[in-house]
Every structure is written in structure tokens, then in C-alpha cells.
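Report on the structure
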Amino acid sequence: MTNNSEPKMFCYQCSQTAKGTGCTTQGVCGKTPTLDRLQDNLIFATKGMTAYLTHARELGLSDSEIDAYLERAFYSTFTNVNFDPENFIELALEAGRMNLKAMKMLKKAHIDRYGEPEPTEVQTGTKKGPAIIVTGHGLKALEELLKQTEGTGVNVYTHSEMLPAHGYPGLKKYKHLAGNLGKAWFDQKQLFSKYRAAILGTSNCVLIPKDEYKDRIFTTGAARLPDVPHIEGYDYSQVVEKAKALGGLEETEGETILTTGFSTSVVLSLADKIKELVETGKIKHFFLVGGCDSPGKKAGYYREFVEKLPSDTVVLTLACGKFRFNDLDLGSIDGIPRLIDLGQCNDAIVAIEIALALSELFQVGVNDLPLTLVLSWMEQKAIAILWTLLALGVKSIYVGPTPPAWVNEDILKVLQERYDLRLISNAEDDIAQILNN
Ligand code: SF4
Ligand code: SF4
């Protein structure tokens, strides 16, 4: 949201642009600031979706309906094409529906290739020997690297959003998939400096490297960094050679053991038990807490939120937002873990499938379930997922740590009135508001 001293919009996409620099209060073409922001919203949501489409294509899947939608969505933001704010909300909801399809397609591609994830404990220490740290979301790149390092003595570690890879049978079968190092994406400068390992960035979120590790980081897939070797295709021999030349890591103990790999069918195999626990009052409420993490103190909200939840609640989580609290031991309720890691951000589809199944199980609408979504947003995938949830009719979602900057008062009002979208306040008040409703 803007204050009065900030430009209300910024558009410089055509030659009519004000003063030859940019339209900042109203478009010369007549575009209003709210329309401009709705167009930005659409672009951001479609950008988010393209990450999932790229990974699905890496695994051989694409969808012509989504491709056709993307053409329409981009074209609608051209100069002098579409001045209808209501239609941009409809296009954003359609982006949400297309993103649902994209996430389903990617999930299918992952499961077809690597099997259905299963709960798996993941070490956070290091083994003695040469090492490669893989960051990003590209499971295909990880698989190829695991094949090429098998039997070489090089250990492969995951970082950030790669953690859920450990749950897939087709990936966890590699014994040298040795563990997970670090937390969310923004610890990478410090983490990669600390470990004398080769590093492979497979997608977002990669950061411009520090000098300490600039000579041992590589990119592949969509990720690119200046003056860093980029590997087209899947021949990672230079990464493996670099890992060997670096000598390797020492044996260290991790501070915690993480558990990941709760797939839709694993959670739903517990459906009868969950129903019984809800009906007997042993489980009062489910929360989906997660999303894209961002640096800064404000995001400490999510750890505090989970820490302060009463012991008769269950937390589902996904994406790198989980690293704010996935070291917490929340225990279990009659054998049902209180902290359930569903996977990467695209595994929002798993959360959706579980919510729909619970809704069937309890014979109520999704909004009448004892379930609240408390999401963090950082970049464009989170926008795509938010519109997917809104398109599915999910209401009263809490979003933080700060609202997306393209949301002005007009847009926020619409999101609040139609979807009861809520901005996080403080953990204690939000928990009380949710549980006392
Ligand atoms: S499209 Fe409209 S708002 Fe954008 S630069 Fe051109 S005149 Fe300005
Ligand atoms: S969940 Fe979002 S913020 Fe986190 S690594 Fe993935 S894309 Fe980046």
C-alpha cells in the first residue's frame, strides 16, 4: 500500500508515458492506478505459475489450455486493450484455476517419476567427504546429480526448498543423499561460505554469490548468476570434479532431525483416526502455516504463532516458510504428528487435496472446517497460490508478514469484502481470534 508521497502507479510501457519517464498518478492512456496494479497482480500471478510449468516441462508435461490462458493474460495488459478492473479480477481468478492445474500437473510428474512421498527423517549434520549442496526446486536436476555422483564418494545435501526431495522413494534410495543444510533461501550467503562444498542452484531463489564461494557455485535450469558457470542440460561432471577438488567436509552432528514427506495419501490414510480425534475433541483445529519466507524480524511471527498454538491443534506446513519453526518438537496427538510437512510450495496442491477430503469427511464446506490458512508471501509463486485458493472459494486467509506492495486500498477492500482476506497482526491476538470464532 502506498502513502501520499509515493507514486500511485508506475507504467512506462508505451511512448505516450508521462514526461517520457513513466505514468505515476494516472496513465496518459486513461489507465487508473488500481487498474495498473491489477495488471501487475496478473503479471505476478502468471509469473509464479510459470515456475511450476517450467519444472513440469523438465519432466515432460505441458498443458495447452494453460499456454493459451497465458497468451490471453499477457495480451490483456498491453496498452489500450483492457480497461475493465472487474475483468482483471476474473483473469486473476482464472490464473488461480490455471495454477491449480499447473500444480496438479507438476505433482503428477513428480509422483510418476519418483513415487509418492513418504514420511522421512532428514539429518542436518554433515558426513566426512566431498560434498555438493543443491538449492532451488528442480527435482530433475537433483535426480541427475544423484545418478552422476553415485559411487563417487561425493555426498549430496539439500538446501531450503529441496528438503522435500528426501521424501520421494525415487530420490531417497540414493544413500549419498546425505541430509539438509541450512534453512530458508536467504541464509545461503552465510551457509555456502561456511561449507567447502560445490553448490548447484537449480531455480529460484538463488542470490548473487559472495566472493567466498563464487568459484564453486554453478547454475542449471532457469537459474543464472553473473560470472558463474551455467550448465545447459544435465551433465554435472564439472560440479562433481569441483566437489572432489575442494577436499570435502568433516563429520558434524546436526542440531535437529527434520521430518518431511507427508503426501496426500499418507495423510488421508489417517482420515478415520483424524475424524475420531476431531469428534472426541482431541483435535480442535488445523492450521496451514507456511509459504514463501522472507528475511526480517516481522516473519518471526510465524514461529511465535506455531509456538503459541494450544496442544490440541495440528499444523500442516509447506514451502520454505516452514524453516521458521520446523525444528520445534510439537509432539503428537494419539499418534498423529502435530507438525506435518507437506513439501515444496507447489505442494500447496497436497494441502488443497487434504482440505477437500476433510470437507467430504466432515460433510461441510471448506470454509466451515476447523482449518485456518496462515500464509507468508515473498515472491510471485505465493501470489499464484493465493489466487488459486481464492478461486477455490477459500475465505478468511491470513497473509503476512507485509501485504504485497501492489495491493492499494481499493484492491485490499475488494479482497477483504469478497474473500475476508486478513492481514496478520500479532500471533496471540490472531490465534485468539481464530480459535474463539
Ligand atoms: S500504457 Fe498507459 S499508463 Fe502505461 S505508459 Fe502508456 S500511457 Fe502510461
Ligand atoms: S518457497 Fe518461495 S521464497 Fe522459498 S525458496 Fe521457494 S520460491 Fe523462494
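Because the structure is a prediction, the values reported are computed rather than measured.

With that settled, the discussion passes to the packing of aromatic side chains. Two aromatic rings, taken as a pair, are described by how far apart their centres are and by the angle between their planes. Evaluation of the coordinates by the stated rule reveals nine aromatic pairs. With a centroid separation of 5.5 Å and an interplanar angle of 90°, the aromatic rings of phenylalanine 192 and tyrosine 213 are classed as edge-to-face. Residue phenylalanine 192 is found in helix 6 (residues 188–194), and its partner tyrosine 213 is found in the loop between strand 5 (198–201) and strand 6 (217–220); the two are separated by 21 residues along the sequence. Take tyrosine 213: its relative accessible area is 0%, and that puts it in the buried class. Feature note: the residues Phe287, Tyr301, Tyr302 and Phe305 constitute an aromatic cluster, connected by ring pairs.

So, about empty space enclosed by the protein. On inspection of all chains with the given rule, the structure shows six cavities of 30 Å³ or more. Each pocket or cavity is described by its volume, and for the largest cavity that value is around 300 Å³. Each residue belonging to the lining of the largest cavity can be placed in one class, and the counts come to 24 nonpolar, three polar and no charged. Taken together, 21 residues form the lining of the second largest cavity, with Cys11, Gln13, Cys29, Lys31 and Thr79 sitting closest to its centre. Tallied by class, residues from the lining of the second largest cavity come to 11 nonpolar, nine polar and one charged.

Strand order across the open sheet formed by six strands is 13-10-9-14-15-16, with parallel pairing between neighbours. This sheet does not close on itself; its edge strands, each paired only once, are strand 13 (339–341) and strand 16 (422–423). In the sheet, strand 9 (residues 285–291) pairs with strand 10 (residues 313–317) via four bridges, with the strands oriented parallel. The residue of strand 10 that forms the bridge with phenylalanine 287 is valine 315.

What follows covers the environment of glutamate 90. Tracing the backbone shows glutamate 90 in helix 3 (residues 85–114). As for glutamate 90 and glycine 136, which are separated by 46 residues in sequence, their C-alpha atoms are 31 Å apart.

So, on to the site of ligand 2. Near ligand 2 the following residues occur: His137, Glu161, Trp185, Asn204, Cys205, Cys292, Asp293, Ala319, Cys320, Met378, Glu379 and Lys381. Residue classes in the shell around ligand 2 are distributed as six nonpolar, two polar and four charged.

Taken as a whole, the largest pocket holds about 470 Å³ of empty space. Of all the elements, helix 6 adds the most residues to the lining of the largest pocket, at three residues. Grouping the constituent residues of the lining of the largest pocket by class yields six nonpolar, 10 polar and seven charged.

Glancing now at the site of ligand 1. The full set of residues close to ligand 1 is Met9, Cys11, Tyr12, Gln13, Cys14, Gln16, Thr17, Cys23, Gly27, Val28, Cys29 and Thr79. Among the cavities detected, the one that contains ligand 1 is the second largest cavity. For the shell around ligand 1, the per-class residue count stands at seven nonpolar, five polar and no charged.

Any two side chains of opposite charge can pair if their charged atoms end up close together. What the rule picks out here adds up to 31 salt bridges. Between arginine 418 and glutamate 86 there is a salt bridge; the shortest N-O distance is 2.9 Å. Here glutamate 86 lies in helix 3 and arginine 418 lies in helix 13 (residues 409–419), a separation of 332 residues in the sequence. Residue arginine 418 is classed as partly exposed on the basis of its relative accessible area, which comes to 36%. In this structure, arginine 324 and aspartate 293 form a salt bridge, with 2.9 Å as the shortest nitrogen-oxygen distance. Note that arginine 324 is positioned in the loop between strand 10 and strand 11 (332–333) and aspartate 293 in the loop between strand 9 and helix 10 (301–308), a separation of 31 residues in sequence. The exposure class of arginine 324 is buried, given its relative accessible area of 18%.

The rules behind each value
Residues numbered from 1 in each chain as written. Chains lettered and ligands numbered in written order. Predicted model: local features only at pLDDT ≥ 70, side-chain atom pairs only at ≥ 80, totals over all residues. Heavy atoms only, no water. Phe/Tyr/Trp six-rings, centres within 6.5 Å; stacked < 30°, edge-to-face > 60°. Helix = DSSP H or I, 4+ residues; strand = E, 2+ residues; numbered from the N terminus. Buried < 20%, exposed > 50% of the residue type's maximum accessible area, 1.4 Å probe, protein only. 1 Å grid on protein atoms, 1.4 Å probe; cavity = no way out; pocket = protein on both sides within 12 Å on 5 of 7 lines; lining within 4 Å. Points joined across faces, edges and corners; volume = space filled by probe spheres on them. Nonpolar A, V, L, I, M, F, W, Y, C, P; charged D, E, K, R; others polar. Pairing = 2+ DSSP bridges. Near = heavy atom within 4 Å. Sits in = over half its atoms within 2 Å of the grid points. Salt bridge = Lys/Arg side-chain N within 4 Å of Asp/Glu carboxyl O.

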